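Secondary and tertiary structure notes
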Amino acid sequence: MNAHQFIELENQYGANNYHPLDVVLTRGEGVWVWDVDGKKYLDCLSAYSAVNQGHCHPRIANVVAEQARRLTLTSRAFRNDQLGLFYQKLVEISGMPKVLPMNSGAEAVETALKAIRKWAYTVKGVPEDQAEIIVCANNFHGRTITIISFSTEEQYRRGFGPLTPGFKIIPFGDVDALKAAITPNTAAFLVEPIQGEGGIIVPPAGYLEAAEKVCRENNVLFVLDEIQTGLGRTGKMFAHQYENVKPDGLIVGKALSGGFYPVSAFLATEELMGVFKPGDHGSTFGGNPLAAAIGRTALEVLVEEKLPERAAEMGEYFMEGLRKIKSPHVKEIRGKGLLIGVELKHEAGGARRFCEALAQEGILSKETHEHVIRFAPPLVIGKEEIDWALARIEKVLQMD
Ligand SMILES: *Cc1c(COP(=O)(O)O)cnc(C)c1O
C-alpha cells in the first residue's frame, strides 16, 4: 500500500475529529521518524511531549517486551510486583508523597478534580455540592465532558452540553484575579505552569509563587497540571521547580511512558490523597504491571540521561537560533527549555501553511492556536540536529 491508500483507508473508516498533516509514518528512532516512502523527518512535536525520551527508546522497548511476556494486567483487585517500584520512583523525582495511577492525561485530571471536591467536603467543610474550582482562561486539561466544561475554547464545548458546573474561570497569569475569585466555597486553583495547547503562554516570573501564597492564605488547594510541561520538557524535571512552590496536587502523563503506552498519574499530599477510600475511584488498566514497568523505566531514562538538563541547554540553543532568523512573519518567540512557540503575525495567514512547508522540508511541527508554531522535539536532540532544523526553518519562515 502507498501513502495515498493509507490516508484513504483512514478517511473512509475513521472519525473525522483530527486534521493531520498527510504524512504517513511507519518508524521512529530518537528524534527521527520515517514515512512509508522512506522519507526522514525531524519530529518537532514529540506527540505533544509524550516522547521526551525519543522515539522507541531501546531501554524502554526492552522493558515493554520483557514485561509483556511476563505479566500485563491483573486489575487492582490484586497486587503486582511492579507498581510499588513505579510509585517509589515517581515519589523520588516529584517530591510528592502519594500516587494514584491512571492511563490518559484527562483521566488523571478527572482524578484530581474528584480528590479536590472530596477534600472540600470532608476536610475544608464546604457545604455539599457547593465546591468551586478556579481555572484559567485558555487552559487545556483534556477532553472529557467535565474538563471541557471549563475550557474557554468555544469549539471544545459547543454541542456537548449539558456541561458540568462548579468551575470559575480567571485570566492566566493574574494573581489579583485569583484573589478576587476566591470564596469560602473555593476548593482549589488548577493551573498549567505554562499553557501548552494554549499557544506556549509563559506567565510572568513569580506567578506560581504568588498564586500559591494566595491559595495558602485562603485554605485553597494549589494543583498543577504538568502533563505537558513536566518530565524534563521545560529544562527542569517539573516546570514549577523554576519557582519555590510546593503543590498540593500534581498531574503527570504523556512522557511518563516515553510514548509507549498511556500512563498518567495524580500525585498529591498525604492529606489530599487521603480523601480516597477503597471503592471511591478506580481504573481497570490504571497501575497495571506493564504500565508500571514502562513508567518506572521512562523515569529512569529521564534521570540517568539527564534529559531535563539537556532540554535547558538545547532549548536555549534552539531559541537563540530562532531569534537570529530574519523573517517578516514572526511576531514573538517564547518558551522554556524545549517547549518553544513561534507566534506569527496575523498577516502571515496562519501557522498551518508554514507547518505544511516545514513537513516538505523534513520537519514535523504542529500549529497551535492558529498563529503559533510549536517546536518541541524529543529531549535527546543535539546541536547538530538543531542546526539542521534551523536552516530549514529559516527557509520556510522567509517564504512569501
Ligand atoms: C495533553 C494534555 C492533557 C490531556 O492528556 P490526554 O492524555 O490527551 O488525555 C491534559 N493537560 C495538559 C496540560 C495536556 O497537555
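First, a word on what this report is: a plain description of the structure on this page. The structure displayed is predicted, hence computed values, not measured ones.

Describing the packing of aromatic side chains
The geometry of an aromatic ring pair is captured by the separation of the ring centres together with the interplanar angle, meaning the angle of the planes. Evaluation of the coordinates by the stated rule reveals five aromatic pairs. Measuring from centroid to centroid gives 5.1 Å for tryptophan 32 and tryptophan 388, while their planes differ by 85°, and the two rings are edge-to-face. Highlighted residues: tryptophan 32 in strand β2 (residues 32-35) and tryptophan 388 in helix α14 (residues 383-397), separated in sequence by 356 residues. Overall, the relative accessible area of 13% leaves tryptophan 32 in the buried class. Taken together, a centroid distance of 6.0 Å and an interplanar angle of 80° make the contact between phenylalanine 140 and tyrosine 156 edge-to-face. Of this pair, phenylalanine 140 sits in the loop between β5 (132-136) and α6 (145-148) while tyrosine 156 sits in helix α7 (residues 154-157), placing them 16 residues apart in sequence. For tyrosine 156, a relative accessible area of 18% translates into the label buried. The ring of tyrosine 242 carries the charged tip of lysine 336 above its face, separated from the ring centre by 4.3 Å. Here the guanidinium or amino end of lysine 383 rests over the ring plane of tyrosine 317, the centre of that ring lying 5.0 Å away.

Remarks on a nonpolar patch on the surface
Nonpolar side chains collect at one region of the surface, where Met1, Leu9 and Tyr13 lie side by side and expose about 390 Å² of accessible area between them. In this fold, tyrosine 13 is placed in helix α1 (residues 3-13).

What to know about the site of the ligand
Lining the immediate environment of the ligand, one finds Ser104, Gly105, Ala106, Phe140, His141, Gly142, Glu192, Asp225, Ile227, Gln228 and Lys254. In the complex, the protein chains occlude 80% of the 380 Å² of accessible area that the ligand would expose alone. Residue classes in the shell around the ligand are distributed as three nonpolar, five polar and three charged.

Observations concerning the sheet that holds strand β12 (residues 339-344)
Across the sheet, four strands lie side by side as β11-β12-β15-β14; this open sheet has antiparallel pairing. Two strands lie at the open edges of the sheet, namely β11 (330-336) and β14 (366-368), each paired on one side alone. With strand direction ignored, the average angle separating the axes of adjacent strands in the sheet is 30°. Both β11 and β12 contribute to a ladder of six bridges, which runs antiparallel.

As for the layout of surface pockets
Each pocket or cavity is described by its volume, and for the second largest pocket that value is around 710 Å³. Contributing to the lining of the second largest pocket are 24 residues, with Arg76, Tyr87, Val99, Leu100 and Pro101 lying nearest its centre. Counting residues per element, the ones that place at least two in the lining of the second largest pocket are α4 (83-94) and β4 (98-102). Of all the elements, β4 adds the most residues to the lining of the second largest pocket, at five residues. Of the residues belonging to the lining of the second largest pocket, the class tally is twelve nonpolar, seven polar and five charged.

Structural notes on the state of the cysteines
Scanning the entire structure with this criterion turns up zero disulfides. Considering cysteine sulfurs only, cysteine 44 is the nearest to cysteine 56, which forms no disulfide, with 17 Å between them. Judged by its relative accessible area of 47%, cysteine 56 is partly exposed.

Considerations on the pairing of β5
Looking along a regular strand, one sees side chains alternate from face to face of the sheet. Most of β5 is tucked away: five of the five residues are buried. What you see with β5 is no split at all: Glu132, Ile134 and Cys136 on one side and Ile133 and Val135 on the other are buried throughout. Sheet topology places β5 next to strand β7 (residues 186-191); three bridges connect them, and they run parallel. The residue bridging isoleucine 134 from the neighbouring strand is phenylalanine 189, located in β7. Here β5 runs beside strand β6 (residues 167-170); their pairing, made up of four bridges, is parallel. For cysteine 136, the partnering residue across the bridge sits in β6 and is isoleucine 170.

Re the nonpolar core
Considering soluble globular proteins, one finds that nonpolar side chains tend to be buried as a cluster. With 80 residues, the main nonpolar core has Phe189, Leu322, Ile373, Phe375 and Ile393 as its most contacted residues. In terms of residues, this core owes the most to one element, helix α11 (residues 289-304), which gives eight residues. When we break this core down by domain, the ones giving at least three residues each are domain 1 (3-57 + 306-397) and domain 2 (58-304). Residues Ile116, Trp119, Ile133 and Phe167 belong to the second largest nonpolar core, which totals 31 residues.

So, the environment of proline 377
Residue position: proline 377 is located in the loop between β15 (372-375) and α14. In this structure, the C-alpha to C-alpha distance between proline 377 and aspartate 43, residues 334 residues apart in sequence, is 5.8 Å. Not counting the four nearest positions on each side in its chain, proline 377 is found in contact with Asp43, Cys44, Ser46, Arg233, Phe318 and Leu338.

Some thoughts on helix α3 (residues 58-70)
Given a rise of 1.5 Å per residue, 13 residues ought to cover 18 Å, and the 18 Å separating the end C-alpha atoms of α3 matches this to within 8%. If you check which residues of α3 are buried, you get Ile60, Val63 and Gln67. The buried residues of α3 occupy one face: seen down the axis, they fall within an arc of 55°. Residues of α3 that are exposed and point more than 90 degrees away from the buried face comprise Pro58 and Arg69. Where the residues of α3 are buried, they touch α11.

Notes on the sheet that holds β5
Hydrogen bonds along the backbone pair up the strands of a sheet, which may run parallel or antiparallel. Ordered in space as β4-β10-β9-β8-β7-β5-β6, the seven strands form an open sheet in which the pairing is mixed. Of all strands in the sheet, those bounded by a partner on one side alone are β4 and β6. Looking at each pair of strands side by side, their axes are set apart by 20° on average, direction ignored. Most of the contacts of α4 go to β4, to which it runs at about 120°, and overall it touches β4, β9 (249-252) and β10 (264-268).

Rules used throughout
- Residues numbered from 1 in each chain as written.
- Predicted model: local features only at pLDDT ≥ 70, side-chain atom pairs only at ≥ 80, totals over all residues.
- Heavy atoms only, no water.
- Phe/Tyr/Trp six-rings, centres within 6.5 Å; stacked < 30°, edge-to-face > 60°.
- Helix = DSSP H or I, 4+ residues; strand = E, 2+ residues; numbered from the N terminus.
- Buried < 20%, exposed > 50% of the residue type's maximum accessible area, 1.4 Å probe, protein only.
- Lys NZ or Arg CZ within 6 Å of the ring centre and 35° of its normal.
- Patch = residues over 30% accessible without salt bridge, like charges linked within 9 Å, V, L, I, M, F, W, Y side chains within 5 Å.
- Areas by Shrake-Rupley, 256 points an atom, 1.4 Å probe, with all protein chains shown as cover.
- Salt bridge = Lys/Arg side-chain N within 4 Å of Asp/Glu carboxyl O.
- Near = heavy atom within 4 Å.
- Nonpolar A, V, L, I, M, F, W, Y, C, P; charged D, E, K, R; others polar.
- Pairing = 2+ DSSP bridges.
- Axes fitted to C-alpha atoms, helices over the stretch in contact; angles between N-to-C directions.
- 1 Å grid on protein atoms, 1.4 Å probe; cavity = no way out; pocket = protein on both sides within 12 Å on 5 of 7 lines; lining within 4 Å.
- Points joined across faces, edges and corners; volume = space filled by probe spheres on them.
- Disulfide = S-S within 2.5 Å.
- Core = buried A, V, L, I, M, F, W, Y, C linked by side-chain atoms within 4.5 Å.
- Domains from an automatic or database assignment.
- Contact = heavy atoms within 4.5 Å.
- Expected span 1.5 Å × (residues − 1).
- Arc of directions from axis to C-beta.

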